[in-house]
Every structure is written in C-alpha cells, then in structure tokens.
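Listed below, chain by chain, are the residues.
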Amino acid sequence: MSERLSVLKTYKLYVGGKFPRSESGRVYEVTDSKNNWLANAPLSSRKDARDAAVAARKAFGGWSGATAYNRGQILYRIAEMLEGRRDQYVAEVADAEGLSKSKAAAQVDAAIDRWVWYAGWTDKIAQVVGGGNPVAGPYFNLSSPEPTGVVAVLAPQESSFLGLVSVLAPVIATGNTAVVVASEKSPLPALSLGEVLATSDLPGGVVNILSGRTAEIAAPLAAHQDVNAIDLAGADETLAKELEIAAADNLKRVLRPQPVDDASADWSATPGTDRMTAFLETKTVWHPTGALGASGSSY
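Residues numbered from 1 in each chain as written. Predicted model: local features only at pLDDT ≥ 70, side-chain atom pairs only at ≥ 80, totals over all residues. Heavy atoms only, no water.

## Remarks on helix α3 (residues 86-97)
Since the α-helix turns once every 3.6 residues, residues separated by three or four places project in the same direction.
No. 1: Taking 1.5 Å as the rise per residue, α3 with 12 residues should run 16 Å; its terminal C-alpha atoms sit 16 Å apart, in good agreement.
No. 2: Those residues of α3 that sit buried are Tyr89, Val90, Glu92, Val93, Ala94 and Ala96.
No. 3: Those residues of α3 that are buried lie in contact with α2 (68-84), α4 (101-121) and α7 (188-198).
No. 4: Following α3 by one or two positions, Gly98 has its phi on the positive side, about 65°. (Helix = DSSP H or I, 4+ residues; strand = E, 2+ residues; numbered from the N terminus. Expected span 1.5 Å × (residues − 1). Buried < 20%, exposed > 50% of the residue type's maximum accessible area, 1.4 Å probe, protein only. Contact = heavy atoms within 4.5 Å.)

## Details of the sheet that holds strand β5 (residues 150-154)
Within a sheet, each strand pairs with its neighbour through backbone hydrogen bonds, oriented either parallel or antiparallel.
No. 1: Here we have 5 strands laid out as an open sheet, ordered β7-β6-β5-β8-β9, and parallel in their pairing. Looking at which strands have only one partner, the edges of the open sheet turn out to be β7 (207-210) and β9 (253-255). When the angles between neighbouring strand axes are averaged without regard to direction, this sheet yields 15°.
No. 2: The pairing of β5 with strand β6 (residues 177-181) spans 5 bridges and is classified as parallel. Across the sheet, the residue bridging to Val150 is Thr177, located in β6.
No. 3: Each of β5, β6, β7 and β8 (229-231) touches helix α6 (residues 162-173); the most contacted strand, β6, lies at about 160° to it. (Pairing = 2+ DSSP bridges. Axes fitted to C-alpha atoms, helices over the stretch in contact; angles between N-to-C directions.)

## Concerning the packing of α4 against α6
No. 1: The N-to-C vectors of α4 and α6 enclose an angle of 10°; their axes lie 9 Å apart at closest approach. By the angle between their directions, the pair α4 and α6 is classed as roughly parallel. Contacts between α4 and α6 involve Gln107, Ala110, Ala111, Arg114, Trp115 and Tyr118 from the first element and Leu162, Val165, Ser166, Leu168, Ala169, Pro170, Ile172 and Ala173 from the second.
No. 2: The residue makeup of the contact of α4 with α6, split by class, is 11 nonpolar, 2 polar and 1 charged. (Parallel < 35°, antiparallel > 145°, perpendicular 65-115°, else oblique. Nonpolar A, V, L, I, M, F, W, Y, C, P; charged D, E, K, R; others polar.)

## Digging into the packing of aromatic side chains
No. 1: Applying the stated criterion across every chain yields a total of 5 aromatic pairs.
No. 2: Arranged with centres 5.1 Å apart and planes meeting at 35°, the rings of Tyr14 and Phe19 form a pair that is tilted.
No. 3: Look at Tyr14 and you get buried, because its relative accessible area is 2%.
No. 4: Since its relative accessible area comes to 35%, Phe19 is described here as partly exposed.
No. 5: Relative to Tyr118, the ring of Trp117 has its centre 5.0 Å away and its plane inclined at 90°; by these criteria the two rings are edge-to-face.
No. 6: Using a relative accessible area of 0% as the deciding quantity, one classes Tyr118 as buried.
No. 7: Clustering of aromatic rings is evident, with ring pairs tying together Trp117, Tyr118 and Trp121.
No. 8: The lysine or arginine in question, Arg57, covers the ring of Phe60, its NZ or CZ lying 5.6 Å from the ring centre. (Phe/Tyr/Trp six-rings, centres within 6.5 Å; stacked < 30°, edge-to-face > 60°. Lys NZ or Arg CZ within 6 Å of the ring centre and 35° of its normal.)

## Concerning the sheet that holds strand β3 (residues 131-132)
No. 1: Spatially, 3 strands are ordered β3-β4-β10 in an open sheet, and the strand pairing comes out antiparallel. On the outer flanks of this sheet lie β3 and β10 (280-288), each paired with one strand and no other.
No. 2: Here β3 pairs with strand β4 (residues 139-147) via 2 bridges, running antiparallel. Bridge pairing in β4 links Gly132 to Leu142.

## Side note on the nonpolar core
No. 1: The biggest cluster of nonpolar side chains holds 64 residues, and the ones touching the most others in it are Leu82, Trp115, Ile172, Val180, Val207 and Ile209.
No. 2: When neighbours within four sequence positions are excluded, Trp115 is seen to be in contact with Leu75, Ile78, Ala79, Leu82, Val165, Leu168, Ala169 and Ile172.
No. 3: Residues Val15, Leu221, Ile230 and Leu232 belong to the second largest nonpolar core, which totals 25 residues. (Core = buried A, V, L, I, M, F, W, Y, C linked by side-chain atoms within 4.5 Å.)

This is how it looks when you write it as structure tokens:
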C-alpha cells in the first residue's frame, strides 16, 4: 500500500459564525516549544477586529435575551463536544505549551470541567448578585444583573486553552458577547475552539475568535465605540496601560491583568464569581406596592 500525504489543516478566524481568512490575507508561522513549525495562522487586521465587533453587537440582543437556563444548556453542549474532541486538544495543548501528554490532558480536562462549571452558574448568578432591597416607603425595590454588552477578551498568552476558557466562559455565561484575541504565541487551540462553537447551539457572533499580534488587534478594540468592556488578561504591563487609556474614551469596563497570567500560574484553581460579575451591570427597579393602611399593605 502506498503512503498517503496527510491533509494539512488550514486554520481560519471565527467571525459571525463563519470561518474567514484574514481580510489582509496575511498569515504567520506558529511553532512549538522547540521552534518546530506547526501551522500558519491568520494574522488579523484592524478590519478583522472591526468586523468581529459588528458581529458581536448583532448577536448581543438574541443572546442576552435568551433565558439563563437556555444559555446553560448551550454551554453544557459545548463541554460535551469538547469532551468528544479531547484527544485533538490534548495534542494541540502539548505542542503549544511544551507539555507532556499527561500534563496536557490534565489541562484539557480542567478546561472542559470549567465549561461545565460556568454552565451551572448561568441561572444562579442572579440570585447571588441580585435581590430585593429594603426601602423606607411603599415600594418594591428589586436589583437584577444584566450583561454589559460586547466584551473584548485578550486571552492569556501562556495558558493557551485552560486560560482561554477561564476568561471566555464567564463572559458569555452572563449574556455578553465576545471578541477574543487568541494567544499570540499559541493560537491553535483557540482557533480549533471555533470549530466546536460553530457546530454547537451557540448562535453565530456570540463568540468571535481572532489570531495575530495581540497589540495590533487589541488597539482598535479598546478604542471601538461599540465595544463595552475589555479583559486585559493577555496584555503585558505596557500594553495594558495603553489600552486602558484608549478604553476610557467611551467609559469601557476594564478588567486589568491578574497575577495568575504567567507560565507558572494555576488557572485550574476554582475561579469564583469575579469574572462573571466584572461584566455585569445592576438594574434597580422601583415599583409602588399601593397604599399602606393600619392593617398593612393593600395591592
């Protein structure tokens, strides 16, 4: 039997539920920890970033308007599909981060478990951060969380998959839509995630994934007037400061880089609710209860 040539994978962006090449036509080489060539990844342009923001805005109404229970079902479905492609992600994470197969498998398993964890939070976060408020007067005073809007997410540079999931899942679990800038050095697990999202029940545009130079893509997103928030997890100190200044122009919510984003960081630790509440607004509604008589309230 003659030897066959393997089919090399062409990695593409994931924008608006589709897989375009970069608008610029550019690519860059992605290598493993030993500098061996792995693939060519799209080198996103400012136009790609703007297109992704438009797609995320278009998807926001439907996604934020879905029930929290439905969002949880969709996130759980994503975890199911990741489980089915576990071996692929183990290989990609091992190459990307220079890990042994067993350590890469532990990272992938933790990432899948993280999806399940956030899937369970979708219909519970409102009870934690919302509620009824006591007021002096004949009123109901109710506070409830609402998503901020379109969130630009700079994925961690060193944790190509678990770190990515840890910053992306909380954004969409609470009803936001996202434009993700993948790890510049190790973008392949993120680009493969787009294939899972596209074949799950997640509506197109809820998550958009770009690869390329982090600083080049992040700058137009931080300055974009229709992006409501930005997570700077994948930015170094200098870039983070520049992006914070740009983000102030339309009063974006900014989540600054945390100490966890380094090569020795433990992204597998239980994350808590901070990354969910970082991109939530609180809506408070006052409603009259009616006249208060001697015998109590009348409705």
